[in-house]
Amino acid sequence: MVPEACATVMPAAFFHEDTGAVRFWVPTGEGTCIGASVRREVLHYRFGADLDGHDAVATYEAHRDEFAAAVLKRVTGGSREPVMLREADFGAH
C-alpha cells in the first residue's frame, strides 16, 4: 500500500521489529512510491550491519541509492509492491 504522503513527503524508513526488516519507500518518478523492505540478515551479510538490527536504519541510509536502484529494477522486472529485497538483488561485493 502506498502511503498518501508519498506524493509530497517521503515517509521515513524504519526498523520493524516483528519482521526484522527495514521498511522504506522509493519514489517512482511518477508521483508515487513503492513500498519495500530488506531484512536485517541481508543488511548484515551484504552491508556489514550488526545482526541484532540496532544499526539497520543507519545502514539502509548509508546505501539508500543502492536500495532504490534494486527496488526499481525489481519493479521493472515485474515485481509488485511490497518488494522484499534479497542478497541476490545487489550482485557480488
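Scroll up for the structure.
The following refers to the structure shown. Source: prediction; values computed, not measured. (Residues numbered from 1 in each chain as written. Predicted model: local features only at pLDDT ≥ 70, side-chain atom pairs only at ≥ 80, totals over all residues. Heavy atoms only, no water.)

### Details of the sheet that holds strand β2 (residues 21-27)
Here is step 1 of the chain: Pairing within the open sheet is mixed, and its four strands lie in the order β1-β2-β3-β4. A single partner strand is all that each edge strand has here, and the edge strands are β1 (14-16) and β4 (83-85). Here the strands of the sheet are splayed against their neighbours by 35° on average, with no regard to which way each runs.
Here is step 2 of the chain: With seven bridges joining them, β2 and strand β3 (residues 33-39) adopt antiparallel strand pairing. From the neighbouring strand, arginine 23 faces β3, where its bridge partner is serine 37.
Here is step 3 of the chain: In this fold helix α1 (residues 40-47) packs onto β1, β2, β3 and β4, with an angle of close to 70° to the strand it touches most, β3.
Here is step 4 of the chain: Packing against the sheet, helix α3 (residues 64-76) makes contact with β2, β3 and β4, and its axis sits at approximately 125° to β4. (Pairing = 2+ DSSP bridges. Helix = DSSP H or I, 4+ residues; strand = E, 2+ residues; numbered from the N terminus. Axes fitted to C-alpha atoms, helices over the stretch in contact; angles between N-to-C directions. Contact = heavy atoms within 4.5 Å.)

### Quick word on α3
Here is step 1 of the chain: With 13 residues, α3 ought to run about 18 Å at 1.5 Å a step, and its terminal C-alpha atoms sit 18 Å apart, in line with that.
Here is step 2 of the chain: Of the residues making up α3, those classed as buried are Phe67, Ala68, Ala70, Val71 and Arg74. Down the axis of α3, the buried set is contained in an arc of 165°. They therefore lie on one face. Projecting away from the buried face of α3 at angles above 90 degrees are the exposed residues Asp65, Lys73 and Thr76.
Here is step 3 of the chain: Elements that come into contact with the buried residues of α3 comprise β2, β3, α1, α2 (56-62) and β4.
Here is step 4 of the chain: Once α3 finishes, glycine 78 follows within two positions and takes phi at roughly 110°, a positive value. (Expected span 1.5 Å × (residues − 1). Buried < 20%, exposed > 50% of the residue type's maximum accessible area, 1.4 Å probe, protein only. Arc of directions from axis to C-beta.)

### Thoughts on unusual backbone geometry
Here is step 1 of the chain: Here the bond from glutamate 81 into proline 82 is cis, since omega is -5°, no more than 30 degrees from zero.
Here is step 2 of the chain: Mapped onto the elements of the fold, proline 82 is located in the loop between α3 and β4.

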